[in-house]
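Single-letter residue listing:
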Amino acid sequence: MARLSEARHFYLNKMKFRLFFLAFIALFVASCNNSPKVMTYQDAEREFIASLTENDTLSVLSATGSFMESLKAGQIDDAILRLTMVENDVLYMLGDESLNELRNRFTNFPVQDYQLIRYSFSTQGINDVVYRYSFDGPLTKAAGMKLVFNPIKVGDSWYLSLKDGYQSSKDQSADKQTHPQAPAPYPIKLNSKQFN
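Here goes a summary of the coordinates provided. (Residues numbered from 1 in each chain as written. Predicted model: local features only at pLDDT ≥ 70, side-chain atom pairs only at ≥ 80, totals over all residues. Heavy atoms only, no water.)

A few points about the overall build of the protein
Part 1: Counting its secondary structure elements, the protein contains five helices and nine strands.
Part 2: Along the protein, helices and strands appear, N-terminal first, in the series α-α-α-α-β-β-α-β-β-β-β-β-β-β.
Part 3: Put simply, the protein has 196 residues, and 31% of those count as buried.
Part 4: Taking contacts inside the protein between residues at least 6 apart in sequence as the whole, the part at least 24 apart equals 59%.
Part 5: Accessible surface computed for the protein: about 13200 Å², of which carbon and sulfur atoms make up 57%. (Helix = DSSP H or I, 4+ residues; strand = E, 2+ residues; numbered from the N terminus. Buried < 20%, exposed > 50% of the residue type's maximum accessible area, 1.4 Å probe, protein only. Contact = heavy atoms within 4.5 Å. Areas by Shrake-Rupley, 256 points an atom, 1.4 Å probe, with all protein chains shown as cover.)

Here is the structure:
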């Protein structure tokens, strides 16, 4: 009788262990399935493009066109003071050193004629508006310099920044493009001291 009681006790403990183990596995599997999905670059791009309206396109093209017209009219400071830059996911107005470099660039190579080449949208802070311009008369197919804007959308407003040639998303070589499954870029915020 004692052996029967011991066997029953052993059997009950073994069943408790199995139930505990199964409950543990079920909780583990459930927690894995409920973990938040990491947003990929591709997800962020799809979401951002879907959020754009015709007014966004018109705003961007109007802002970049106005910038080019100001340069063509010789109003260099009026144009370059509209530019911003992103550093550590914060949008800033350009500093004096950057403004002086651009002032020198557009003084030495003034915009005399320009043409919109293309525009494309990708994410909040990675977009392209590409112009070609000449500094010595009418723009021809053989001559011209390229200016690539990177319009950045924060909230409902668009801000202009410029890209260096290697930053243009559609002009990158295939090995330098962002992988679609890479993590989404961090949201860009305004530097509150400069945008009051």
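A word on helix 2 (residues 41–51)
Part 1: Along helix 2, the residues that are buried comprise Y41, D43, A44 and F48. Viewed end-on, helix 2 has its buried residues packed into an arc of 160°, placing them on one side of the element. Every exposed residue of helix 2 that faces more than 90 degrees away from the buried side is listed here: R46 and A50.
Part 2: Looking at the buried positions of helix 2, the neighbouring elements they touch are strand 3 (113–123), strand 4 (126–134), strand 6 (152–154) and strand 7 (157–159). (Arc of directions from axis to C-beta.)

Observations concerning the sheet that holds strand 3
Sheet strands pair via backbone hydrogen bonds, and the direction of the pair is either parallel or antiparallel.
Part 1: Taken in spatial order, the four strands of this open sheet run 3-4-5-8, and their pairing is antiparallel. Each edge of the open sheet is held by one strand with a lone partner, namely strand 3 and strand 8 (162–163).
Part 2: Summarising the sheet, strand 5 (residues 145–149) and strand 8 pair through two bridges and their orientation is antiparallel. By the bridge assignment, V148 is partnered in strand 8 with K163.
Part 3: In this fold helix 5 (residues 96–108) packs onto strand 4, strand 5 and strand 8, with an angle of close to 145° to the strand it touches most, strand 5. (Pairing = 2+ DSSP bridges. Axes fitted to C-alpha atoms, helices over the stretch in contact; angles between N-to-C directions.)

What about the side chain of T40?
Part 1: Here T40 lies in the loop between helix 1 (2–33) and helix 2.
Part 2: On the accessibility criterion, T40 (10% relative accessible area) is buried.
Part 3: At 3.0 Å, the side chain of T40 forms a polar contact with the backbone nitrogen of D43. (Polar contact = N/O pair within 3.5 Å; in protein donor to acceptor, adjacent residues only side chain to side chain.)

So, the pairing of strand 3
Part 1: Where strand 3 meets strand 4, nine bridges bridge the pair, whose relative direction is antiparallel. Its bridge partner being in strand 4, D113 is matched across the sheet by S134.
Part 2: Where strand 3 folds back on strand 4, the antiparallel hairpin that results is connected by two residues.

Brief notes about the nonpolar core
Part 1: Ranked by size, the top nonpolar core spans 23 residues in total, and within it F67, M68, L71, I80, F106 and F149 carry the most contacts.
Part 2: Only helix 3 (54–72), helix 4 (76–80), helix 5, strand 4 and strand 5 provide two or more residues apiece to this core.
Part 3: Ranked by residue count, the leading element in this core is helix 3, at four residues.
Part 4: Beyond its immediate stretch of four places on either side in the chain, F149 contacts T64, F67, M68, N127, D128, V129, Y131, L160, S161 and L162. (Core = buried A, V, L, I, M, F, W, Y, C linked by side-chain atoms within 4.5 Å.)

Overview of the sheet that holds strand 2 (residues 90–93)
Part 1: Across the sheet, which stays open at both edges, the three strands sit in the order 1-2-9 with mixed pairing between neighbours. For this open sheet the edge positions go to strand 1 (84–87) and strand 9 (189–190), each flanked by a neighbour on one side alone.
Part 2: One ladder, built from four bridges, connects strand 1 with strand 2; its direction is antiparallel. Bridge assignment links E87 to a residue of strand 2, and that residue is V90.

These results come straight from atomic positions and should not be treated as a statement about function.
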